[in-house]
Every structure is written in C-alpha cells, then in structure tokens.
Amino acid sequence: MTLVDHARSLPLGGAETGKPELSVDLTAVAANTRHFRRLIDGELMAVVKADGFGHGATQVARTALVNGATRLGVTSLAEALALRAAGIRAPVLSWLNPVATDWRQAVAAEVEVAVPSLQHLTALPAGTAVHLHLDCGLARDGAEPAVWPAPCAAAAQAQHLRVVGVMGHLSSADVPADPVNAVQRERFDWGVQVARAAGLQPQHLHLAATAGTLNDPLSHHTMSRIGAGLFGIDPLNRLRPALTLTAPLVSVRQVGAGTGVGYGHGWVAPEATVLGLIALGYADGLPRAASGQAQVLVGGRRRALVGRISMDMAVIDLGPGSSARPGDLVTVFGPGEQGEPTVAEWASWAGTIEHEVVTGLGTRPVRRVRSAGPGRQR
Ligand SMILES: *Cc1c(COP(=O)(O)O)cnc(C)c1O
C-alpha cells in the first residue's frame, strides 16, 4: 500500500492525512470579496496583513484580485515585498513602518507607503508613492490633527514624492450609533481639505474598513480597505467563514468516575465516560482561555473539551458508552453548517474576537486549500 492509498483508505477530512488539518475555502473569500464589490462604488483594497488573517496572504490576494479587489493593503513593508516576491503585480500599500525602514525597497518594488509623520516623510527617497495618514481618533497610528498641516505642506513642497492618497481609520464603526463616528468622519473630511489647500491632489481617499463599509455609506469615500470581512468575520453573519480545523482522534479511553483530566486536574469526570485525545493545543491556536467552555463536533454531535487545553493536545468528553475510535474525525471549528462550532463561538469562549483566533493559528496543522477557480469580475 502506498502512502497515498493509505491516506485514501482512511475516513474523511483531517483523517485523510492522519494529522490535524486546516482547510482554507477560497470560494468563501471570493464570495465575500464580491459582496463588498457590490456594496461600494469606489475601489476595494483587500487587506492581507498577518498572512491574510492566517488564511495565506498570497492565495487570498490572488482570489480577491480576480473577484473585484483592485489593490492590496498590508502592515509592514516586508509583507508587501513578500507579495511582490510571489509575483503579484497589483498596487500594494504598506501602512506601518519605522522611520529607519529601507524605503528604497518600497520604491524598487513599487510599493506605496503610508506616512504618519513629518519625520517619515523626510526619510523617503525620490519616487515614493505616498498616502498621508491622518489619525482620525484612535491615538494610535497616523498624524494627530494638531500636527497634520506640517506633513501636508512638506509633501506639497517635495517634488520628488507623489502623494496619491489620504487615509484615516475609524475607532468605533462596529457601533453605528456611537456619535464618535460622525466626529471622526468630519475629522477625515477636514484632513482632506487641509491637504487640498496645501496644493495636494490625492486620488485615493480611504477611511472605512470592514465595519465602516458595512454600516456607514458616508465613510466609503473612494476606497474601502477590507480585511476581516474577506474572511467572513462579520457580526451580522451575512458573510462566509473560510476556515475549517479538523483533527483525527489520536486515542480513546474509558475512565471511571472521579478521574482527573490534564494539568491541575482542571476537570474531574463526574461519572464513568469515554475520553478522546486530539493533537491540537494552544500552540496550534486553540485559545487556552477557552478551557472549560469549548466544544467540538464528533460524529455529528457537540462534545465538550474537558480539562485545560495544553500546548499540544486537548481532551474531549465523548460521553458514556461512546463508540468513537482512534482516527475518527473531530471538527474543531468551521462555517457551522454541519453543526460544528464557529470561530465566533471559539472567540466568545475565550473572551476575545475572531480576528485573534484566526491570526493565532499555529503552523503545525497541514494546510489544505479549496481553490476558488478562475474568478469572476463584478
Ligand atoms: C487591519 C486594518 C484594516 C482592515 O480592517 P478590517 O476591520 O479587518 O476590515 C484597514 N485599515 C487599517 C489601517 C488596518 O490596520
């Protein structure tokens, strides 16, 4: 029996490889991209930072670009250069880099950069394409309004630079009723006016990310920067999650009432039951904080993870009399269509947000990709 034959003889999903498996459904990314494409009149920038929110930056970028995105956004210049190294030629913006970055690499690779300060602007070599970044009210990245006129004036004087955009970001777009949204929108409008009054003619005006784009058409301007939404992270549940994490049961055992499970005996069996082990732990991205609450799907039924999630493994209470066997498939999370937990449930069990779960997945699970095919424009 060859290895391939052996793999085929095993049951579904993760059990095909006999290993934990993370499958990425690019058809979901494609559908989500088209959803945003229909929602906005301006350009769509696909944000593929943090390895495409854990989904694979290059494959997500390609999928988004053939489904209506026209540009890509990342945090560091290194992330932008990795897209170029993979052969992606679409416009790319990198928005968070120290002053001492080797900006010549950005020019050479035709990567546009965001400028949050006069110091950054002064460090840029000839030919850099710039998006001036205004802090609209997060006190985080971008120039605060009090100093904003300085980089605008300097950029207008700098014949060797091209200012192609003005960008901002919203702190609270996920809470549409929050009055701070209007304040921040007005701050952005003011920032654009200041830039224009300085003599700049920025082509791209962009403020909204996923939440602003979904909740507030007034925030759209000429472009939306969409990250989370591409991956189905959407409080309204209209988008499709793209990740499924599965693992085969490594072992199964009967235990008696009173058996303590895992470090510190974080759970003690109240009655005789059957326990199953999977080789996934917090090093693979199962949040330890979800211990005591998390569930998985085994044989079509929700089962509790019991005891503390450890670095490399977690234990499932399969229930008294369970007939589960080593090799049976466990679904840790997925889109939820078969009754399996979703990433959103994992996030709530861990007291965090979906973004942290999907970007925290480790490198050990085998990656499997469902391709989106050739794509469809608009
Ligand atoms: C991450 C990020 C985005 C994308 O935000 P989502 O809410 O994930 O769509 C957009 N703009 C900036 C500046 C970001 O850091």
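Residues numbered from 1 in each chain as written. Predicted model: local features only at pLDDT ≥ 70, side-chain atom pairs only at ≥ 80, totals over all residues. Heavy atoms only, no water.

1. Regarding unusual backbone geometry
- Even without being a glycine, Ala 139 presents a positive backbone phi close to 50 degrees.
- Residue classification places Ala 139 among the exposed residues on the basis of a relative accessible area of 72%.
- The residue His 265 is not glycine, and still its phi comes out positive at about 45 degrees.
- By secondary structure assignment, the location of His 265 is in the loop between β12 (260–261) and β13 (267–268). (Buried < 20%, exposed > 50% of the residue type's maximum accessible area, 1.4 Å probe, protein only. Helix = DSSP H or I, 4+ residues; strand = E, 2+ residues; numbered from the N terminus.)

2. Examining the pairing of strand β6 (residues 129–133)
- With five of its five residues buried, β6 lies for the most part within the structure.
- Of the two faces of β6, both are covered, the one formed by Ala 129, His 131 and His 133 as well as the one formed by Val 130 and Leu 132.
- As defined by bridge partners, strand β5 (residues 111–115) adjoins β6 across three bridges and the pair is classed as parallel. Looking at the pairing, Val 113 lines up with Val 130 of β6.
- Traced from β5 through helix α8 (residues 118–123) to β6, the parallel crossover comes out right-handed.
- As defined by bridge partners, β6 adjoins strand β7 (residues 162–167) across five bridges and the pair is classed as parallel. (Pairing = 2+ DSSP bridges. Right-handed = clockwise from strand over helix to strand, strands pointing away.)

3. Details of the pattern of salt bridges
- Per the counting criterion, the structure on display carries ten salt bridges.
- Ionic pairing is found between Arg 71 and Glu 43, a salt bridge with its closest N-O pair at 3.4 Å. Separated by 28 residues along the polypeptide, Arg 71 in strand β3 (residues 71–74) and Glu 43 in strand β2 (residues 43–47) bring together distant segments of the chain.
- As a salt-bridge pair, Arg 302 and Glu 345 come within 3.0 Å of each other at their nearest N and O atoms. (Salt bridge = Lys/Arg side-chain N within 4 Å of Asp/Glu carboxyl O.)

4. Regarding the packing of aromatic side chains
- As enumerated under the stated definition, the model contains two aromatic pairs in all.
- Arranged with centres 4.9 Å apart and planes meeting at 25 degrees, the rings of Phe 53 and Phe 231 form a pair that is stacked. Residue Phe 53 is located in helix α4 (residues 49–53), and its partner Phe 231 is located in the loop between β9 (223–226) and β10 (243–248); the two are separated by 178 residues in the primary sequence.
- In this structure Phe 53 comes out as buried when scored by relative accessible area, which is 7%.
- Judged by centre distance (5.5 Å) and plane angle (75 degrees), the ring pair of Trp 346 and Trp 349 falls under edge-to-face. Note that Trp 346 and Trp 349 are positioned in helix α12 (residues 343–350) at a spacing of three residues, about one turn of the helix.
- Seen from the ring of Trp 95, Arg 225 lies directly overhead, with NZ or CZ sitting 5.9 Å from the centre. (Phe/Tyr/Trp six-rings, centres within 6.5 Å; stacked < 30°, edge-to-face > 60°. Lys NZ or Arg CZ within 6 Å of the ring centre and 35° of its normal.)

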